[in-house]
Amino acid sequence: MALQMTKKPHGSWSSAEVSDFLQGKGLSETVVRVFKEHKIEGRHLLKMTQQDLTDMGIKAVGEQKDILQLLKALQDQTQRNQEKVFNDPIHGHIELHPLMVKIIDTPQFQRLRYIKQLGGAYYVFPGAAHNRFEHSIGVGHLAGELVETLQKKQPELDITDKDVLCIKIAGLCHDLGHGPFSHMFDRHFIPKKRPDIKWKHEQASVAMFDHLLNENALRPEFERFELMEEDTVFIKEQIAGLMAKDSSGWPYKGRPESKSFLYEIVANKRNGIDVDKWDYFARDCYCLGIPNNFDMKRYMKFARVIPVNDRKQICTRDKEVANLYEMFHTRSSLHRSAYQHKTTKVIELMVCEALVKADDHLLFPGKDRPMKMSEAIYDMHAYTRLTDYVFHQILLSTEPELEESRKLLQAVERRELYKCIGQTQPSIEISKQTPVLAQEIISSLDEDDLGDLPRITVDDILVDVGHIFHTANINLLPISCRAIGSGLTYQAMARLLNNLIYTGTVVCKL
């Protein structure tokens, strides 16, 4: 009988099957009888606590301990049966908790399959075809690896299984809020269409996480694994940082200050060393064909939590400094070779311009009304439908109002791209918006610089400021052909860039 029951899910056992199971495990007849009298079924077993046993009349400490150990083993077996194995090209075979699997199997998470990790870089590097979907799974896995390492090596930290699960879920869901072409959307499109607001994709990740839980009725599933409101707050705090400003004391609500180090795993606001970067360094290098010499597994082996200035922080051995150097060197290489590649920036700015022109003419079903792309960031019903597919939605359209946008995207596909006039790395801080920088560039050109060329206006160039660590790169991109095609123009722009840097007339906020 017991052998047959193992083939049946524990949660579906009848009261008689539960009694047979307990008897088969050698529990006393008194305990078995109590379970029968209270009609305990399989669905009750996985939620049973010590207090429940006491209320049922089982008060002997030894009997309670035996029963709880048996139920814990049953819970572990149930969880293992529900876990899924993913074969990832970066991390190999990884097992994900059943609650993470339920999150993955939702439209809100599946949406990440259709958002390129590196945006416009795919048009420059053919191997950069990976999406936010696989990156998010990788971060969820690495978050678990790091916190479980700390849990095992430093039991005095009191890292609970709930802490571990919350951190895994935060890693899994940290990028739910990315828009079309990833960072192009929040760094270029939204600032152009909504200059009155300061919006980051992390805000949408938190909103999408709540939307995902509500739309898919997952809150009861969270409760089944004993994750309550404070745990969902903890998850969202890891994704977005502080939910509300608090100048005094410990600012977070999800976990106490004694567990401050837990906030340094998924998105480390203190020093930037976190599992999010570890995954995209490894994944991006793999897909781009760029070497990555940072050893994340070695770093985790030597990671320890140590009190620093009365707050616990994740630290590493001094001999790991070379490994950390490789991490930052990899980041620098990725920025210079791919993320800030001039053609990548050209394509992203052309796509951005197409989306800006199409914004008033493309609507997505929202909760109460159709929404424009620039409005969808505050309506997760509409935002769920917003992915890289918008590129082909415009490209294959026939509406006359989308003609300008359509021509821009056709130019991208035909490789008829804007030309990059110049790039520079300023040695001073830049605080002005890119349209202001463009105007200053135009104003600084005199008739001798232009020669016989038509007067260049602010509509003829695009200025892009890209950040690498604590420096910035400036890319100048002409919109129309009349701003290019002359050696004199290139020389004038190069001289202009030098003047801007050394005279300090351009100031940039990093």
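Structure shown above.
Residues numbered from 1 in each chain as written. Predicted model: local features only at pLDDT ≥ 70, side-chain atom pairs only at ≥ 80, totals over all residues. Heavy atoms only, no water.

Colleague: For this particular structure, what's the right way to read the pattern of salt bridges?
Modeller: Any two side chains of opposite charge can pair, given that their charged atoms come close. Scanning all chains against the criterion turns up 24 salt bridges. The salt bridge partner of Arg-33 is Glu-37, with a shortest N-O separation of 3.8 Å. Of this pair, Arg-33 and Glu-37 both sit in helix H3 (residues 29–37), four residues apart, roughly one helical turn. Accessibility expressed as a relative area gives 44% for Arg-33, which makes it partly exposed. A relative accessible area of 53% places Glu-37 in the exposed class. Salt bridges linked by common partners bring Lys-162, Asp-163, Asp-231, Arg-255 and Lys-259 together as one network. (Salt bridge = Lys/Arg side-chain N within 4 Å of Asp/Glu carboxyl O. Helix = DSSP H or I, 4+ residues; strand = E, 2+ residues; numbered from the N terminus. Buried < 20%, exposed > 50% of the residue type's maximum accessible area, 1.4 Å probe, protein only.)

Colleague: Please clarify how empty space enclosed by the protein should be interpreted in this entry.
Modeller: Empty space among the atoms can be located by rolling a probe the size of a water molecule over them. Inspection of every chain in the model, using the stated rule, returns three cavities of 30 Å³ or more. A volume near 50 Å³ is recorded for the second largest cavity. Looking at the lining of the second largest cavity residue by residue, the class counts come to five nonpolar, two polar and two charged. (1 Å grid on protein atoms, 1.4 Å probe; cavity = no way out; pocket = protein on both sides within 12 Å on 5 of 7 lines; lining within 4 Å. Points joined across faces, edges and corners; volume = space filled by probe spheres on them. Nonpolar A, V, L, I, M, F, W, Y, C, P; charged D, E, K, R; others polar.)

Colleague: Teacher, can you tell me more about the environment of Ile-235 here?
Modeller: Considering the arrangement of structural elements, one finds Ile-235 in helix H14 (residues 229–240). When residues no more than four places from it in sequence are discounted, the contact partners of Ile-235 are Cys-166, Ile-169, Ala-170, Phe-209 and Phe-222. (Contact = heavy atoms within 4.5 Å.)

Colleague: Looking at this model, I keep getting lost on the packing of helix H9 (residues 132–153) against helix H10 (residues 161–173). Mind explaining?
Modeller: In the contact formed by H9 and H10, the axes pass within 7 Å of each other and the chain directions differ by 155 degrees. Judged by the inter-axis angle, H9 sits roughly antiparallel to H10. Of the two possible hands of crossing, H9 and H10 adopt the one that is right-handed. Side by side, H9 and H10 meet where Ser-136, Ile-137, Val-139, Gly-140, Ala-143, Gly-144, Val-147, Glu-148 and Gln-151 of the first sit next to Asp-161, Val-164, Ile-167, Lys-168, Gly-171 and Leu-172 of the second. Each residue belonging to the contact of H9 with H10 can be placed in one class, and the counts come to seven nonpolar, five polar and three charged. (Axes fitted to C-alpha atoms, helices over the stretch in contact; angles between N-to-C directions. Parallel < 35°, antiparallel > 145°, perpendicular 65-115°, else oblique. Left-handed = near helix turned anticlockwise from the far one by under 90°.)

Colleague: Sorry if this is basic, but what is going on with the nonpolar core here?
Modeller: Where a protein is soluble and globular, its nonpolar side chains tend to be buried together. Residues Ile-103, Phe-109, Ile-169, Phe-222, Ile-265, Trp-278 and Tyr-383 are the most contacted members of the largest nonpolar core, which totals 111 residues. The dominant element in this core, judged by the number of residues it contributes, is helix H18 (residues 342–358), at nine residues. Beyond its immediate stretch of four places on either side in the chain, Phe-222 contacts Leu-99, Ile-103, Ile-169, Phe-209, Leu-213, Leu-227, Thr-232 and Ile-235. Judged by nonpolar contacts, the second largest core, of 19 residues, contains Leu-22, Val-34, Leu-53 and Leu-71. (Core = buried A, V, L, I, M, F, W, Y, C linked by side-chain atoms within 4.5 Å.)

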